[in-house]
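What the coordinates show
Spelled out, the chains give:
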Amino acid sequence: GITFRDNSVFSAGPNSQLAVEEFQFDSRKFKGSFLSRLKRGTLSVTSGDIARGSPEAMKIRTPHTVLGVRGTRFAIRVEGN
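Report on the accompanying structure. (Residues numbered from 1 in each chain as written. Predicted model: local features only at pLDDT ≥ 70, side-chain atom pairs only at ≥ 80, totals over all residues. Heavy atoms only, no water.)

Details of the overall build of the chain
The helix and strand inventory of the chain stands at 1 helix and 7 strands. Along the chain direction, N to C, the helices and strands of the chain fall in the order β-β-β-β-α-β-β-β. Compactness check: the chain gives a C-alpha radius of gyration of 12 Å against a globular reference of 12 Å for 81 residues, within 12% of the reference. Seen through its principal axes, the chain has C-alpha atoms that stretch 40 × 20 × 20 Å. Counting contacts in the chain only where the partners sit at least 6 residues apart, residues at least 24 apart contribute 48% of the total. Taking the average place of the 13 positive charges on the side chains of the chain and the average place of its 7 negative ones, the gap between the two points comes to 2 Å. (Helix = DSSP H or I, 4+ residues; strand = E, 2+ residues; numbered from the N terminus. Rg over C-alpha atoms; globule rule 2.2 N^0.38 Å. Contact = heavy atoms within 4.5 Å. Lys, Arg positive; Asp, Glu negative; His and termini not counted. Charge placed at Lys NZ, Arg CZ, Asp CG, Glu CD.)

Thoughts on unusual backbone geometry
For Asn7, which is not glycine, the phi torsion reads 75 degrees and is therefore positive. Within the secondary structure, Asn7 sits in the loop between β1 (2-3) and β2 (9-12). By relative accessible area, which is 48% here, Asn7 ends up partly exposed. Look at Phe30: it is not a glycine, yet its phi comes out positive at around 55 degrees. Assessed through its relative accessible area of 41%, Phe30 is described here as partly exposed. (Buried < 20%, exposed > 50% of the residue type's maximum accessible area, 1.4 Å probe, protein only.)

A closer look at the environment of Lys29
Along the chain, the position of Lys29 falls in the loop between β3 (17-26) and β4 (31-46). Among the residues examined, Lys29 registers a relative accessible area of 60% and is labelled exposed.

Some words on the side chain of Thr62
Note that Thr62 resides in the loop between β5 (58-61) and β6 (66-68). For Thr62, a relative accessible area of 13% corresponds to the buried category. Residues in contact with Thr62, not counting those within four places in the same chain, are Leu38, Leu67, Ile76 and Val78.

What follows is the structure, given as structure tokens:
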């Protein structure tokens with residue numbers, strides 16, 4: 001798993017392919033942006049201060065969709081390659 005500076009937590013399953021494409025966080029203003037891409041596998045997410053401070057600022061892309069994170073916990077699975 002990975003814990004980011006905004007306290008977001010990612011836990012990827014075996015054989016998962018995950019890329020963090022953008023991560024910016026200003027801890028004084030609790031603002032930032034977060035974009036990651038899950039190509040395959042599983043990912044459990046607990047969002048942190050970025051999603052709480054700016055709900056539109058955290059996104060996770062998969063081959064078929066873009067998830068906008070609004071301050072929550074969830075898991076996703078991408079099957080295939």
